[in-house]
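# Residue-level structural notes
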Amino acid sequence: MELKFEHFDYQRNLDEQRSLFRDCFPETDGEVIQNTEHYLWKFHSFPSFMKSWEYAAYYDNEMAGYYAALPYRYKIGKKEISVGMVCDVMTSSKQRGKGIFTKMGVYSTAELASQVPFTMGYPIRKEVIPGHLKVGWRIPFQLPLYMKFLRLNTLLKSRKIDFLAPLGNCAISVYNFFRQTKINKSYTCSMVDTIDEVEGYEEFTNRWNLSVPNALIKDLSFCRWRYSAPDRKYHFLQVKNAKNQLIALVVFRKILKENVPSYGILDYQVLPEYDDCLGIINKVLADKAKQEGVEAIMTMMSRYSAQKYQIQQNGYIKSPFVFSLIIKNLTNEFSETELFNEKDWHLMWVDSDDL
């Protein structure tokens, strides 16, 4: 039996790769993420000369593993560079325990070293962390999942204690009433459904980018791609000041988490001099959620960002679910000081391939 690695040829082996995905991620059964359409959007429509980097492992001529990265553009300090955002790492359930995950990580990151200075990823499964650490990845900090409950009907029903829902909903309402920051009524909020409808976006995101040492470059071409995933609808909450200038933008979409109808916040950008708009953002999100029957709002971000955006003061709790930021420094073009400081980053779901 021979184990070999090679660059993945999707035109020849896509069916095999999709079968491997279904094997490794059975929780996505029935979702569009399993479809060829989603794969082609994600890996072959990226707005760059390089659409993606994909590698495959074959054991006795059968696909046993897959490893991919997307060329996300970041500003690190004053430099703009491409970074390998690693995703869809998988090993066949039939071939686990043979070291394929580790060997595939060594091969793939060695190939990526000629393309990008470092790679990033956001695993939530604890069982994959040792395999990444074994091949040189590091964990600079964690990204907890923060959740704000508006109603408990579905959650309690799933635990067969839905008779407690009236009492639970009353307790949540009281809790949220006392967990909200001051609302500045000088700001106006509105919702649109495409990034192109966000007025003054490019000027806003350029200003915001200057306020964050290490930030994903979210220009219009990237956002048009990122928010065009098949069978997904995104909402853009824009906040403007008295001069009709865009000063904050929140991107979210409706999701099901543990069968609970929820909002997942992908991005939360606020210009630093307008922190007093956080109260109205949370009120507008909660009001829209209640109108749509959404029972929870959730987001992934660092503890530092959660403090900065007053997440917990506005009713969110830190859940038991925790993502880890992992980085593999491939070329040492950037030091650990430049890459590992939590306060230098603004990382959310938009930085990943999730949602």
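Structural data are supplied above this passage.
Scoring rules and cut-offs
- Residues numbered from 1 in each chain as written.
- Predicted model: local features only at pLDDT ≥ 70, side-chain atom pairs only at ≥ 80, totals over all residues.
- Heavy atoms only, no water.
- Helix = DSSP H or I, 4+ residues; strand = E, 2+ residues; numbered from the N terminus.
- Buried < 20%, exposed > 50% of the residue type's maximum accessible area, 1.4 Å probe, protein only.
- Lys, Arg positive; Asp, Glu negative; His and termini not counted.
- Salt bridge = Lys/Arg side-chain N within 4 Å of Asp/Glu carboxyl O.
- Contact = heavy atoms within 4.5 Å.
- Pairing = 2+ DSSP bridges.
- 1 Å grid on protein atoms, 1.4 Å probe; cavity = no way out; pocket = protein on both sides within 12 Å on 5 of 7 lines; lining within 4 Å.
- Points joined across faces, edges and corners; volume = space filled by probe spheres on them.
- Nonpolar A, V, L, I, M, F, W, Y, C, P; charged D, E, K, R; others polar.

## Observations regarding the side chain of Arg 232
Tracing the chain through its elements places Arg 232 in the loop between helix H8 (220-226) and strand E9 (235-240). This buried residue, Arg 232, is left without a salt bridge; Glu 31 holds the nearest opposite charge, at 5.4 Å. Discounting chain neighbours no more than four positions away, the residues touching Arg 232 are Ile 33, His 38, Arg 253 and Leu 355.

## Thoughts on the pairing of strand E10 (residues 246-257)
Judged by how many residues are buried, E10 sits mostly within the fold: nine of twelve residues are covered. Both E9 and E10 contribute to a ladder of six bridges, which runs antiparallel. Pairing of His 235 across the sheet is with Phe 252, part of E10. Here E9 folds back onto E10, and the loop between the two strands holds five residues, one of which, Asn 244, carries a positive phi near 65°. Bridge count between E10 and strand E11 (residues 260-270): ten bridges; the pairing is antiparallel. Looking across to E11, one finds that Lys 257 is bridged to Val 260. In this antiparallel pair of consecutive strands, E10 and E11, the connection spans two residues, and Glu 258 shows a positive phi of 55°.

## Focus on the layout of surface pockets
Left-over empty space is what a probe sized like a water molecule reveals as it rolls over the atoms. Estimated volume of the second largest pocket: approximately 290 Å³. Every residue lining the second largest pocket is counted, 16 residues in all, and those nearest its centre are Lys 148, Asn 176, Gln 180, Ala 286 and Lys 290. When contributions to the lining of the second largest pocket are tallied by element, the ones reaching two or more residues are helix H6 (165-178) and helix H9 (278-291). Examining the composition of the lining of the second largest pocket, we find that six residues originate from one element, H9, more than from any other. Grouping the constituent residues of the lining of the second largest pocket by class yields four nonpolar, six polar and six charged.

In short, shape yes, function no, at least from these values alone.
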